[in-house]
Amino acid sequence: MNTQPVIGISGCLTGSAVRFDGGHKRMSFVMDGLAQWVTFKPVCPEMAIGLPVPRPALRLVQATTGDINMRFSHAPHDDVTEKMAEFTASYLPQLDNLSGFIVCAKSPSCGMERVRLYDEKGNRGRKEGIGLFTGVLLEKYPWLPVEEDGRLHDPILRENFVERVFALHELNILRANGLTRRALLDFHSRYKLQLLAHHQAGYREIGPFVASLHEWDDLDTFFIVYREKLMALLKKLASRKNHTNVLMHIQGYFRNQLTSRQRGELRDVILHYRDGLLPILAPLTLLKHYLAEYPDQYLLTQNYFSPYPENLCLRMTVN
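Definitions and cut-offs
- Residues numbered from 1 in each chain as written.
- Predicted model: local features only at pLDDT ≥ 70, side-chain atom pairs only at ≥ 80, totals over all residues.
- Heavy atoms only, no water.
- 1 Å grid on protein atoms, 1.4 Å probe; cavity = no way out; pocket = protein on both sides within 12 Å on 5 of 7 lines; lining within 4 Å.
- Points joined across faces, edges and corners; volume = space filled by probe spheres on them.
- Helix = DSSP H or I, 4+ residues; strand = E, 2+ residues; numbered from the N terminus.
- Nonpolar A, V, L, I, M, F, W, Y, C, P; charged D, E, K, R; others polar.
- Core = buried A, V, L, I, M, F, W, Y, C linked by side-chain atoms within 4.5 Å.
- Buried < 20%, exposed > 50% of the residue type's maximum accessible area, 1.4 Å probe, protein only.
- Contact = heavy atoms within 4.5 Å.
- Pairing = 2+ DSSP bridges.

## Let's talk about the layout of surface pockets
Part 1: Approximately 530 Å³ is the volume found for the largest pocket.
Part 2: What lines the largest pocket is a set of 30 residues, among which Arg19, Phe20, Lys106, Ser107 and Pro108 lie closest to the centre.
Part 3: Going through the elements one at a time, α2 (45-48), β3 (58-62) and β6 (115-118) are the ones with two or more residues in the lining of the largest pocket.
Part 4: Partitioned by chemical class, the residues of the lining of the largest pocket number 16 nonpolar, five polar and nine charged.

## Some thoughts on the nonpolar core
Part 1: Grouped together as the largest cluster of nonpolar side chains are 73 residues, with contacts concentrated most on Leu34, Phe101, Ile102, Val162, Tyr226 and Leu230.
Part 2: When residues no more than four places from it in sequence are discounted, the contact partners of Leu34 are Ile7, Phe29, Phe40, Ile102, Val162 and Leu312.
Part 3: Leu193, Ala197, Val269 and Phe305 belong to the second largest nonpolar core, which has 20 residues in total.

## Topic: the pairing of β3
In the case of a regular strand, side chains alternate between the two sheet surfaces.
Part 1: Summarising burial for β3: four of the five residues are buried, a large majority.
Part 2: Note that β3 and strand β4 (residues 68-72) share five bridges and pair antiparallel. Across the sheet, the residue bridging to Leu60 is Met70, located in β4.
Part 3: As paired elements, β3 and β6 share two bridges and run parallel to each other. The residue bridging Val61 from the neighbouring strand is Tyr118, located in β6.

So, to be careful, I would describe these as geometric facts and stop short of saying anything about function.
What follows is the structure in structure tokens.
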């Protein structure tokens, strides 16, 4: 098992000149920041089906039957839909152990949303298509964190994607090492505060499911269901309100150790975060300081404090 998360990525986003015009869309965050913490598995589906660089532009065409086809813009009768479907069917089964995928926006093969559709007469339609490769990827691996390059410029979406990547990587390692009930329960316990920050109702719903683990004879079947539930929950964006509730909850663990001045200072820092005056890094740094001073065994296990490498600096922005 790879010690780093393995992330699939559209080849053009790595800086490879594989786009239809011979260019690329290198992402600095991906290649200059994230690359040192993950292993990338690049692919250009259009080159994989034998198309050259440069090549004529492709587009998605919605037939009168409703089917979506991939055709050349300059030669609308030259259809490569079947070639793309064959490649996708042979390639995707190799991706079982991926922890995420970054795709190229607007691409007729890789776009995740809002890809332009055309009708059979070449008229521009709505931006409501999905790239043929990515569409099948999303269907086959509904639990997999998938994001487009453009959306990753949003600091909230960027952090959410990276957080999910490292959570799934830990799950993949858990399975590779051999599933046990104790390991599954310990994993879920480490993620409790993190899940509370994402969705309190979802946290309460997944709890009874995990508690039913003793009723499952097949741990791998349980794992598959749990993985989808967990990743769906983590996909819900953590809100400032939920983070504030979690921070206040953590503060309660130190009520007997801190002076009234320290409690007031900590409360003020949390409230300044709630009001958008400070990044979440501020209250977390103070809480981690007190956790080092007054260790609590439960809090020390919580993934909430470090859900991904801190050097990625994803908690420094006041969103």
